Amino acid sequence: MSARLLRRGKFVILMALFPLLSVSCADLKQSKPILPIRDYEKMIVGRLDAEYVGTNNCVSKCHAHDKITHDFSHSVHGEQIKPETGLPLVNCESCHGPGSLAIAHLSDDREENTRLKKKCDTSTFLDIMHLPPQAQALLCLKCHSAASIPVLSHWNASPHALHDVGCLDCHKLHQGPQQKVSRQQMSEMCFTCHPEVQAENALFSHHPLREKKMFCVDCHEVHGSTQDRLLKGNTPKETCTRCHMEKQGPFAFEHGDVTENCMNCHTPHGSVNNHLLNAAMPFLCLQCHTGHLATDNQPGLKQLFVNRCTDCHSQVHGTDTPSPAITGRGTLRQ
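The protein goes by DmsE family decaheme c-type cytochrome in an unreviewed UniProt entry, where it is assigned to Geomonas propionica.

Written out as structure tokens, the structure is:
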């Protein structure tokens, strides 16, 4: 019995490989043409008989989408419909897929459709909101990979993409012509996934995020970055010195530990210590420097352990002024 089953198995394998035996290696290596994106969208919808009919035909048969059409025509996407712009043409079917089946049951009389409360059959569109985030991104990137911000080249490897965040989680395309959340609403949207940042921002010392004087995208490049934590710029210091330019340098006498990463001393979202420090002084400085008494270099003063290092070392980020001491090496004093 086992020998017969073995022979039968060999026969099945040979029959499966038979079509390949007649194909040469050169034929297998030939490139096959890629179908147009429209054909793949039809496959996703599951109806190959659906056709593209254009935005005007979609919206001309009922009033149901008048506001959406108005907002779209005044949006960045709507401005790209004109071929003379040279940008990718964007319309309703660019995102929703072919629309012929959606309006097949509507008459040409728009008022009659409105009176009978007939609307387009949205179930025949691409089910965008229930597509996996990666598929949502593909719909957007088919245009935005060619005409958009360069950082989108980092999207597929970004923390947001790797944690299944989709474009439509942040971009609400039918909530007005802006087609993205306003800067004033941005922090509330980000806090839904980053509650720990919201808690830190409520601490005593914080960046003016809750006061609406700065926003998450001032520091973070949400679509992708070469830096950790999606920071803008090439180094953390470059990110911070976009606003704190007086700390940028270069200085003749630099505080070596802060030349690249400000977060060695500061926590960016909020702290219980002044100036967003990771720890209170002098304990922050004592993590790297040994403590000393005020009389060590200044004879005649009462012995006093200095409470704040910045009482003397006021230029902790760097200075161009040599130290008045004998060494003249600069001790970050004014």
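Student: Help me understand the overall build of the protein in this model?
Tutor: The helix and strand tally for the protein stands at 14 helices and two strands. Counting the 334 residues in the protein, one finds 28% classified as buried. Residue pairs at least 24 apart in sequence account for 53% of intrachain contacts in the protein once pairs closer than 6 positions are excluded. As presented, the protein carries roughly 22700 Å² of accessible surface, and 60% of it is formed by carbon and sulfur atoms.

Student: For this particular structure, what's the right way to read the confidence of the model for the protein?
Tutor: Mean pLDDT over the protein stands at 79; residues scoring 70 or higher make up 79%. Confidence scores differ between elements of the protein, with helix α1 (residues 2-21) showing the lowest mean pLDDT of 46 and helix α12 (residues 195-201) the highest of 94. Across residues 5-18, confidence stays below pLDDT 50; counting only partners more than four residues off in sequence or on other chains, it has zero contacts.

Student: Sorry, what's going on with helix α9 (residues 133-144) here?
Tutor: In a regular helix each residue adds 1.5 Å, so twelve residues correspond to 16 Å; α9 covers 16 Å between its end C-alpha atoms and thus fits that length. For α9, the full list of buried residues reads Gln136, Ala137, Leu139, Leu141 and Cys143.

Student: When you look at empty space enclosed by the protein in this model, what are you seeing that I'm missing?
Tutor: Over the atoms, a rolling probe the size of a water molecule traces out where space has been left empty. Counted under the stated rule, the structure contains one cavity of 30 Å³ or more. In this structure, the largest cavity spans a volume of roughly 30 Å³. Grouping the amino acids of the lining of the largest cavity by side-chain chemistry returns three nonpolar, three polar and one charged.

Student: Honestly, the UniProt feature "domain: Doubled CXXCH motif" (unreviewed entry) in the protein in this entry has me stumped. Any pointers?
Tutor: The positions UniProt marks with the feature "domain: Doubled CXXCH motif" (unreviewed entry) are residues 162-197, 206-248 and 255-291. Between the end C-alpha atoms of residues 162-197 the distance is 20 Å, and the span holds 36% helix and 0% strand.

Student: Before we go on, may I ask you to explain the pattern of salt bridges in this structure?
Tutor: Side chains that differ in sign of charge can pair as their charged atoms come close. By the definition in use, this model includes eight salt bridges. With a closest N to O distance of 2.9 Å, Glu188 and Lys212 form a salt bridge. Of this pair, Glu188 sits in helix α11 (residues 183-191) while Lys212 sits in the loop between α12 and α13 (236-240); the two residues are 24 residues apart in sequence, bridging distant segments of the chain. Given a relative accessible area of 30%, Lys212 falls into the partly exposed group. Here Glu246 and Lys247 are joined by a salt bridge, their closest N and O atoms 2.5 Å apart. Taking the relative accessible area as the measure of exposure, Lys247 reaches 27% and is therefore partly exposed.

Student: How should unusual backbone geometry be read in this particular structure?
Tutor: Excluding glycine, a negative phi dihedral is what most residues carry, and trans is how most peptide bonds are arranged. Geometrically, the link from Gly249 to Pro250 is a cis peptide bond, its omega value of 5° lying close to zero. Summarising the element assignment, Pro250 is placed in the loop between α13 and β1 (253-254). The linkage connecting Met281 with the following residue, Pro282, adopts the cis geometry, with an omega of 5°. Tracing the backbone through its elements, the reader meets Pro282 in the loop between β1 and α14 (283-286). The phi torsion at Lys117 lies on the positive side, around 55°, for a residue other than glycine. Note on placement: Lys117 falls in the loop between α8 (110-115) and α9. At Leu230, a position not held by glycine, the phi torsion is positive, near 55°. Here Leu230 falls in the buried class, since its relative accessible area comes to 9%.

The rules behind these values
- Residues numbered from 1 in each chain as written.
- Predicted model: local features only at pLDDT ≥ 70, side-chain atom pairs only at ≥ 80, totals over all residues.
- Heavy atoms only, no water.
- Helix = DSSP H or I, 4+ residues; strand = E, 2+ residues; numbered from the N terminus.
- Buried < 20%, exposed > 50% of the residue type's maximum accessible area, 1.4 Å probe, protein only.
- Contact = heavy atoms within 4.5 Å.
- Areas by Shrake-Rupley, 256 points an atom, 1.4 Å probe, with all protein chains shown as cover.
- pLDDT = per-residue confidence, 0-100.
- Expected span 1.5 Å × (residues − 1).
- 1 Å grid on protein atoms, 1.4 Å probe; cavity = no way out; pocket = protein on both sides within 12 Å on 5 of 7 lines; lining within 4 Å.
- Points joined across faces, edges and corners; volume = space filled by probe spheres on them.
- Nonpolar A, V, L, I, M, F, W, Y, C, P; charged D, E, K, R; others polar.
- UniProt positions renumbered as here; feature names shortened; annotations may be inferred.
- Salt bridge = Lys/Arg side-chain N within 4 Å of Asp/Glu carboxyl O.

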